[in-house]
Amino acid sequence: MIMATKAQTKAQTEERAAELRDLLNYHNYRYYVLDDPEIADIDYDAFMRELKSIEEKYPELVRADSPTQYVGPPPSSTFAEVTHRARMMSLDNAISVEELEAWVERMRRIVDAPMEFVCEPKIDGLSCSLTYERGRLVKAATRGNGIVGEDVTLNVLTIASIPHRLEVGKPPDFVEVRGEVYMPLESFESLNKSQEKIGAKIFANPRNAAAGSLRQKDPKVTENRNLSIWCWGLGAAEGLAVTSQSDALAWARQAGLPVNPKVERHSSISDVHKYCEQVLEIRHSLGYEIDGVVIKVDEFSQQAELGETAKAPRWAIAYKFPPEERITRVDDIRVHIGRTGAATPLAVMEPVRVGGSTVGFATLHNIDEIRRKDIRIGDWVTIRKAGDVIPEVVGPVISRRTGEETVFEMPATCPSCGSPIVRAEGEAVARCTGGFECPSQLLERLHHFCGRSGMDIEGLGYQTLALLLDEGKLHDEGDIYSLKPEDFSGLEGFGDKSVSNLMAAIETSKSRPLANLLVALGIRHVGTRVAQVLADAFGSLDAIASASEEQLSDVPEIGPIIAASVSSALSDPRRVAVIGKLKAAGVNAKSVKQSGGLLEGLKFVVTGTLSRFSRDEAEAAIENAGGRATSSVSAKTDYVVVGEAPGSKAAKAEALGVRVLSEDEFVRLLSSGQEAIK
């Protein structure tokens with residue numbers, strides 16, 4: 001190995017820079033992936049300094065895949081969209097050996113030949129697609145909705161275990177490598193300790209921490225989070241001859257990509273189930289979170305023969321581990337007051353790790369639920385949590401009672417404002433009667449107002465809003481638009497840059513659509529769909545506010561209950577005052593209806609459960625493309641979009657001769673118009 005000298009020619013220096021890039025990438029792989037370094041840290045640092053010196057002297061030699069350039073250019077304000085060349089699908093689930101056997105039996109009706117299965121731990125992380133062209137990493141994207149994801153290339157370049165160049169002599173012209181980005185448990189615990197020291201957000205589990213870290217606008221933040229990846233498959237590829245899943249993973253290992261060492265191939269479903277049980281036994285010793293096992297038919301030819309449903313491939317399944325249960329102690333039961341005044345009892349528990357998260361609180365829903373389960377302050381209780389499901393207090397461990405436990409009673413007055421807590425006849429939920437005077441309700445209303453479905457003001461989170469309330473800077477939603485940079489002077493965590501960004505976010509939110517403002521106002525029964533219907537029907541907030549209940553009820557999809565709620569809310573003097581502040585600040589209060597879109601003039605009904613959209617998201621996509629989403633099928637309906645368990649609407653569409661679309665057809669229609677589904 002020749003060290004650079006002053007006498008070297010430009011060509012020799014360029015060759016040396018390329019050699020150093022390859023050398024450093026190789027040692028990154030040895031250190032971070034194989035955990036088997038070949039050189040000392042001091043030698044690694046010497047190579048890095050040499051490469052930096054060359055790049056400083058010859059800026060034209062700087063490459064995007066250079067180890068010196070992991071952070072990339074200044075952070076972007078948003079992520080660009082990336083369309084996956086091959087769709088990234090979800091998986092069907094099984095929870096027993098019987099369901100695994102049923103899955104195999106279904107496949108045998110299609111494939112009349114022996115099948116081999118590739119099994120690996122199901123990583124609890126964030127799916128990611130890595131695109132390599134002629135061996136060089138050129139694009140990285142999240143799964144998104146399976147068709148379109150977020151461009152996170154700059155952030156992925158900071159993940160040490162991901163090679164920037166494939167370590168094969170003749171790389172394919174193009175290949176999409178699929179994997180799961182995760183945060184090792186050790187890194188997760190270290191991150192939360194650091195967050196706690198500076199008073200920042202504490203992450204609930206490694207998966208959330210990984211997802212949040214990968215979507216940072218500033219790659220430097222991602223770089224400090226110590227993320228990693230396990231690669232589990234390939235998407236689209238050109239110039240790569242592999243015929244099975246096991247071959248693909250073997251090639252990925254040779255190329256320097258991290259492949260889980262626990263991957264195994266089995267020929268019978270009984271052996272597959274044994275593997276699942278073995279992985280379940282060692283799950284807490286792996287150093288990263290898993291929530292099951294992924295099982296795939298090995299041969300690609302058989303995968304192609306089996307095909308896929310609208311939601312998932314038939315040739316793969318996720319064996320999910322049973323819900324985890326832990327026992328902990330209820331130290332207290334407190335009451336939380338929500339934005340509508342709902343008084344919800346919360347169990348305050350000794351923190352315990354369950355189902356991949358550290359749990360210290362759990363909702364007890366209402367007083368009837370507490371009495372039904374006989375949960376008392378001081379009880380040892382069983383906590384159950386599975387995956388993303390909210391922690392549930394299953395019940396008390398009666399045998400551990402000492403007699404010192406106390407029965408919880410719903411307080412007569414609100415702990416936040418002192419107003420009476422009242423439970424209306426026939427309702428399970430008790431409510432604070434303080435309304436606009438209740439600080440807890442105000443905080444929750446402000447948080448809802450700034451949320452994504454509302455005014456979507458980035459930077460005004462729960463803690464920031466609570467701080468501004470405590471400092472007397474906010475008294476209602478309208479005051480948000482009166483905030484000035486000097487209001488943050490002396491507040492911890494607010495430097496010039498963060499204040500500038502927050503001011504810009506507040507200003508940007510003024511131009512949100514009218515439907516967002518309607519949702520943000522927190523009117524009972526008004527969600528994203530109802531808000532859009534009202535905005536389209538009346539065109540302005542003033543018109544909605546001046547409409548009678550009868551006029552509101554005449555709008556399709558707006559019944560008398562919603563009409564009464566809207567009319568009452570928009571005539572309340574305190575809300576009228578808030579709206580006055582918002583309008584005076586220049587917040588948009590008029591509707592700009594879409595026109596000229598691909599779906600202009602078409603009427604849709606969405607029914608059943610879609611795999612890539614929530615109902616609101618699908619209907620919003622229709623509206624954004626100029627179409628109209630309605631709730632009932634009639635002869636005037638153009639298309640009915642059908643997901644799983646569609647119910648009677650699909651049958652009615654067929655009876656009326658209305659075109660029924662699968663989710664795949666719906667996606668093609670959104671992207672290319674009606675020509676795509678003829």
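As shown above, the structure is provided for reference.
Residues numbered from 1 in each chain as written. Predicted model: local features only at pLDDT ≥ 70, side-chain atom pairs only at ≥ 80, totals over all residues. Heavy atoms only, no water.

**Here we look at the overall build of the chain**
Regarding its fold elements, the chain presents 23 helices and 22 strands. By the compact-globule yardstick of 26 Å for 678 residues, the chain fits well, its C-alpha radius of gyration being 28 Å. Projected onto its principal axes, the C-alpha coordinates of the chain cover approximately 80 × 70 × 65 Å. Scored against the burial criterion, the 678 residues of the chain give a buried share of 47%. Long-range pairs, those at least 24 residues apart, make up 66% of the contacts in the chain between residues at least 6 apart in sequence. When the accessible surface of the chain is summed, it comes to about 33,100 Å², and 50% of that surface belongs to carbon and sulfur atoms. Positive and negative charge centroids in the chain, built from 79 and 98 side chains respectively, lie 3 Å apart. (Helix = DSSP H or I, 4+ residues; strand = E, 2+ residues; numbered from the N terminus. Rg over C-alpha atoms; globule rule 2.2 N^0.38 Å. Buried < 20%, exposed > 50% of the residue type's maximum accessible area, 1.4 Å probe, protein only. Contact = heavy atoms within 4.5 Å. Areas by Shrake-Rupley, 256 points an atom, 1.4 Å probe, with all protein chains shown as cover. Lys, Arg positive; Asp, Glu negative; His and termini not counted. Charge placed at Lys NZ, Arg CZ, Asp CG, Glu CD.)

**Brief notes about the nonpolar core**
Counting 51 residues, the largest nonpolar core has I457, I480 and L517 as its most contacted members. Among the elements that make up this core, the one with the highest residue count is helix α15 (residues 514-520) (six residues). Ignoring any residue separated from it by four or fewer positions in sequence, one finds I457 in contact with C450, I480, Y481, L502, A505, I506 and S509. (Core = buried A, V, L, I, M, F, W, Y, C linked by side-chain atoms within 4.5 Å.)

**Notes on the state of the cysteines**
Each disulfide consists of a covalent bond between the sulfur atoms of two cysteine residues. If you walk through the whole model with that rule in mind, you get zero disulfides. We note that C119 lacks a disulfide partner, and the nearest cysteine sulfur, in C276, lies 6.1 Å from it. Lacking any disulfide linkage, C414 is separated from the closest cysteine sulfur, that of C432, by 3.7 Å. (Disulfide = S-S within 2.5 Å.)

**Looking at the packing of aromatic side chains**
Within this structure, the stated rule accounts for eight aromatic pairs. With a centroid separation of 6.4 Å and an interplanar angle of 75°, the aromatic rings of F449 and Y481 are classed as edge-to-face. Here F449, found in helix α12 (residues 439-450), pairs with Y481, found in the loop between α13 (462-470) and α14 (496-509); they are 32 residues apart in sequence, far enough to count as distant. In terms of burial, F449 and Y481 fall into one category: buried. Ring pairing ties together the aromatic residues Y182, W230 and Y288, which thus form one cluster. Lying across the ring of F174, R85 places its NZ or CZ 3.6 Å from the centre. Positioned above the aromatic ring of W380 is the side chain of R400, whose terminal nitrogen or guanidinium carbon lies 4.0 Å from the ring centre. (Phe/Tyr/Trp six-rings, centres within 6.5 Å; stacked < 30°, edge-to-face > 60°. Lys NZ or Arg CZ within 6 Å of the ring centre and 35° of its normal.)

**Observations regarding the sheet that holds strand β21 (residues 639-642)**
Reading across the sheet, the four strands line up as β20-β19-β21-β22 and stay open at both edges, with parallel pairing between neighbours. Each edge of the open sheet carries a strand with a single partner, namely β20 (628-630) and β22 (659-661). The average angle at which neighbouring strand axes cross in this sheet is 30°, direction not considered. As judged from the four bridges shared by strand β19 (residues 603-607) and β21, these two strands associate in the parallel manner. From the neighbouring strand, F604 faces β21, where its bridge partner is Y639. Running at roughly 170° to β19, helix α21 (residues 615-624) makes contact with β19 and β20 of the sheet. (Pairing = 2+ DSSP bridges. Axes fitted to C-alpha atoms, helices over the stretch in contact; angles between N-to-C directions.)

**What to know about the sheet that holds strand β7 (residues 174-182)**
One open sheet accounts for four strands, arranged β5-β4-β7-β8; its pairing is antiparallel. Because the sheet does not close on itself, it has two edges, and the strands there are β5 (136-142) and β8 (228-238). Strand-to-strand twist across the sheet, computed as the mean angle between neighbouring axes with direction ignored, equals 25°. Inspection of the sheet shows strand β4 (residues 126-133) paired to β5 by six bridges, in the antiparallel sense. Residue pairing in the sheet places T131 in a bridge with K139 of β5. Along the sheet, helix α8 (residues 245-254) contacts β7 and β8; its crossing angle with β8, the most-contacted strand, is approximately 115°.

**Side note on unusual backbone geometry**
One non-glycine residue, N226, adopts positive backbone phi at about 55°. If you trace the backbone, N226 turns up in the loop between α7 (219-223) and β8. Within the chain, D374 stands out as a residue other than glycine whose phi angle is a positive 55°. Structurally, the position occupied by D374 is in the loop between α11 (367-373) and β15 (380-385). Given the relative accessible area of 28%, D374 is considered partly exposed.

**Topic: α13**
All buried positions along α13 are accounted for by T464, L465 and L468. Relative to the axis of α13, the buried residues are bounded by an arc of 100° and lie together on one face. Opposite its buried face, α13 presents the exposed residues Q463 and D470, each directed more than 90 degrees away. Immediately beyond the C-terminal end of α13, within one or two residues, lies G472, with a positive phi of roughly 75°. (Arc of directions from axis to C-beta.)

**Describing the side chain of E444**
With respect to the element layout, E444 can be found in helix α12. Here E444 occupies a buried position and makes no salt bridge, while the nearest side chain of opposite charge, R339, is found at 7.0 Å. Excluding anything up to four places from it in sequence, E444 contacts H336, I337, G338, R339 and Y462. (Salt bridge = Lys/Arg side-chain N within 4 Å of Asp/Glu carboxyl O.)

**Some remarks on the environment of S357**
In this structure, S357 sits in strand β14 (residues 357-363). The buried category is assigned to S357, whose relative accessible area is 4%. For the pair S357 and C276, spaced 81 residues apart in sequence, the C-alpha separation works out to 22 Å.

**Observations regarding α8**
Of the positions making up α8, those classed as buried are Q245, A248, L249, W251 and A252. One face of α8 carries all of its buried residues, which in axial projection span an arc of 160°. In the core, the buried residues of α8 are packed alongside β3 (117-123), β7, β8, β10 (290-297) and α10 (300-306). G256 sits one or two residues past α8 and shows a positive phi near 90°.

**Quick word on the environment of P114**
Topologically, P114 is positioned in the loop between α3 (97-108) and β3. For the pair P114 and G212, spaced 98 residues apart in sequence, the C-alpha to C-alpha distance is 42 Å.

**Comments concerning the packing of α12 against α13**
Look at α12 against α13: their axes get within 10 Å of each other, and the N-to-C directions meet at 130°. One finds that α12 runs oblique with respect to α13. You can see that α12 and α13 cross each other, and the crossing is right-handed. Within the contact between the two elements, α12 uses L442, L443, E444, L446, H447 and C450 and α13 uses Y462, L465, A466 and L469. Split into classes, the residues belonging to the contact of α12 with α13 amount to eight nonpolar, one polar and one charged. (Parallel < 35°, antiparallel > 145°, perpendicular 65-115°, else oblique. Left-handed = near helix turned anticlockwise from the far one by under 90°. Nonpolar A, V, L, I, M, F, W, Y, C, P; charged D, E, K, R; others polar.)

Shape is all these values report; function is a separate question.
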